[in-house]
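# Structural features, examined
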Amino acid sequence: MMAKAPIGIIGSSGLYKMDALQNIREVNLQTPFGDPSDTITLGTLNNIPVAFLPRHGRNHTLLPSELPFRANIHAMKQLEVEYIISASAVGSLQTGVKPLDMVVPDQFIDRTKNRASTFFGDGIVAHIAFGDPICPNLAGILADAIMSANIPDINLHRRGTYICMEGPAFSTKAESNLYRSWDATIIGMTNLPEAKLAREAEISYATLALVTDYDCWHPDHDSVTVDIVLANLQRNAVNAQKVIQEAVKQLDANPPVSESHSALKNAILTSFDKIPTATKEKIWLFIKKYL
Ligand SMILES: CSC[C@H]1O[C@H](OP(=O)(O)O)[C@H](O)[C@@H]1O
Ligand SMILES: Nc1ncnc2[nH]cnc12
């Protein structure tokens, strides 16, 4: 019998493992969408079962455009994950959002071009609601966890718009200034497809965004480089793990109701007798409760 974990954690650039995990077991899951980014580590944080997956692989071998988002979310669903806490390194697009600040975004703007970001197709059509792409209840827990994690001088931003760009090159100054003119808050390359797929999988999803740089727009700061991102992420990694542990405690004590948990209820257009058998089998995990 496979061990289950209702809480999944997806690790960012620079956060490839959770130091406090105990009772560790690695699971190598296969999915109809290929292999996940890495083996998933099952373990406990303060005796609460969780599943941890480093998004880019533990040795950071996957580009944002190469990330197997569908396999990662399918694997989390196999483990019966109901909540995903996603950690992410991000650049700041606002003067008031500084490196080492933490942001819990509530919106996304899609600037990706090359991502598989649906489980549907091949004979089944579904359109999930995505007006509020982040689960507000899980986001609230994450923001409260930042405040109760006892981190000195932490700056928390309880909302913000995350631009998800394709990469892997960072933005041009013209692009960065365009996103600023849209009033966007932070920029990264990974979270939007993940959030969409989590919603299709009826998993509640929220992001702990760790600000590492000012992208390339700020006249008084160097333009973003990998060195800057990783150095600041390293300075923040212990705090990020404290926040995640705190959020896991709060989540376990009081698991919130989430609209994400019934996202497919009115989303599927195709009648079940018209869905090709191979397609049904491929996404069985997601649709079985509606048959
Ligand atoms: C290492 S800088 C760019 C890289 O970092 C962010 O990754 P993640 O969201 O997994 O922390 C950004 O999205 C890029 O993938
Ligand atoms: N400035 C930036 N642009 C895109 N992704 C990032 N991840 C961290 N900083 C970033």
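Residues numbered from 1 in each chain as written. Chains lettered and ligands numbered in written order. Predicted model: local features only at pLDDT ≥ 70, side-chain atom pairs only at ≥ 80, totals over all residues. Heavy atoms only, no water.

With that settled, consider the UniProt feature "site: Important for substrate specificity" (unreviewed entry) in the chain. Per the UniProt entry, the sites bearing "site: Important for substrate specificity" (unreviewed entry) are Ser171 and Val226 in this numbering. The greatest C-alpha distance among the annotated residues, which extend across 56 residues, is 13.0 Å, indicating that they converge on a single site. Set against the largest pocket, the annotated residues that line it come down to Val226. Topologically, Ser171 is positioned in the loop between strand E9 (161–165) and helix H3 (173–181). Judged by relative accessible area, Ser171 falls into the buried class, the value being 11%. Relative to the helices and strands, Val226 resides in helix H5 (residues 226–253). (UniProt positions renumbered as here; feature names shortened; annotations may be inferred. 1 Å grid on protein atoms, 1.4 Å probe; cavity = no way out; pocket = protein on both sides within 12 Å on 5 of 7 lines; lining within 4 Å. Helix = DSSP H or I, 4+ residues; strand = E, 2+ residues; numbered from the N terminus. Buried < 20%, exposed > 50% of the residue type's maximum accessible area, 1.4 Å probe, protein only.)

The full set of residues close to ligand 1 is Ser12, Ser13, Arg55, His56, Pro64, Ser88, Ala89, Phe170, Gly188, Met189, Thr190 and Val229. Ala89 places a polar main-chain atom, nitrogen or oxygen, 2.8 Å from an oxygen atom of ligand 1. Its free accessible area being 390 Å², ligand 1 has 93% of it covered by the protein chains. The site holding ligand 1 turns out to be the largest pocket. (Near = heavy atom within 4 Å. Polar contact = N/O pair within 3.5 Å; in protein donor to acceptor, adjacent residues only side chain to side chain. Areas by Shrake-Rupley, 256 points an atom, 1.4 Å probe, with all protein chains shown as cover. Sits in = over half its atoms within 2 Å of the grid points.)

Taken together, 13 residues lie around ligand 2, and Ala89, Gly91, Gly188, Asp213 and Asp215 are the ones closest in. Within the backbone of Ala89, a nitrogen or oxygen atom sits 3.3 Å from a nitrogen atom of ligand 2. In the model, a nitrogen atom of ligand 2 is placed 2.6 Å from a nitrogen or oxygen of the Asp213 side chain. When isolated, ligand 2 has an accessible area of 260 Å², and the protein chains bury 94% of it. With respect to the detected pockets, ligand 2 is housed in the largest pocket. Only strand E5 (83–92), strand E10 (186–188) and strand E11 (204–213) provide two or more residues apiece to the shell around ligand 2. Looking at the shell around ligand 2, the element that brings in the most residues is E5, giving three residues.

Below, the discussion takes up the packing of aromatic side chains. In total, this model carries five aromatic pairs according to the counting rule given. Between the aromatic rings of Phe33 and Phe119, the centroid separation amounts to 5.2 Å while the plane-to-plane angle is 65°, which identifies the pairing as edge-to-face. With Phe33 in the loop between strand E2 (22–27) and strand E3 (40–45) and Phe119 in the loop between strand E7 (107–111) and helix H2 (136–148), this residue pair connects regions lying 86 residues apart in the sequence. For Phe33, a relative accessible area of 15% corresponds to the buried category. Ring pairs connect the aromatic residues Phe33, Phe119 and Phe286, which therefore count as one cluster. Over the ring of Trp217 we find Arg180, and its NZ or CZ is 3.7 Å from the ring centre. (Phe/Tyr/Trp six-rings, centres within 6.5 Å; stacked < 30°, edge-to-face > 60°. Lys NZ or Arg CZ within 6 Å of the ring centre and 35° of its normal.)

Per the UniProt annotation, the sites labelled "domain: Nucleoside phosphorylase" (unreviewed entry) are residues 6–248. Spanning residues 6–248, this segment combines 27% helix with 25% strand, and its end C-alpha atoms are found 10 Å apart.

If you trace the backbone, Asn239 turns up in helix H5. Those residues within four positions of Asn239 in sequence are excluded, and the remaining contacts are Met102 and Ile151. (Contact = heavy atoms within 4.5 Å.)

A complete count under the given rule lists eleven salt bridges for this structure. The shortest N-O distance in the salt bridge between Glu26 and Arg58 comes to 3.0 Å. Remark: Arg58 occurs in the loop between strand E4 (48–54) and helix H1 (69–78) and Glu26 occurs in strand E2; sequence separation between them is 32 residues. Note that Glu194 and Arg55 form a salt bridge whose closest N and O atoms lie 2.8 Å from each other. With Glu194 in helix H4 (residues 191–200) and Arg55 in the loop between E4 and H1, the pair connects residues that are 139 residues apart, well separated along the chain. With relative accessibility at 1%, the residue Arg55 sits in the buried group. A single salt-bridge network, built from bridges that share partners, covers Glu26, Asp38 and Arg58. (Salt bridge = Lys/Arg side-chain N within 4 Å of Asp/Glu carboxyl O.)

Turning next to the nonpolar core. Core analysis: the biggest nonpolar cluster contains 88 residues, and Leu208, Ile244 and Val248 have the highest contact counts within it. Ile163, Met165, Ala184 and Trp217 belong to the second-largest nonpolar core, a separate cluster that totals nine residues. (Core = buried A, V, L, I, M, F, W, Y, C linked by side-chain atoms within 4.5 Å.)

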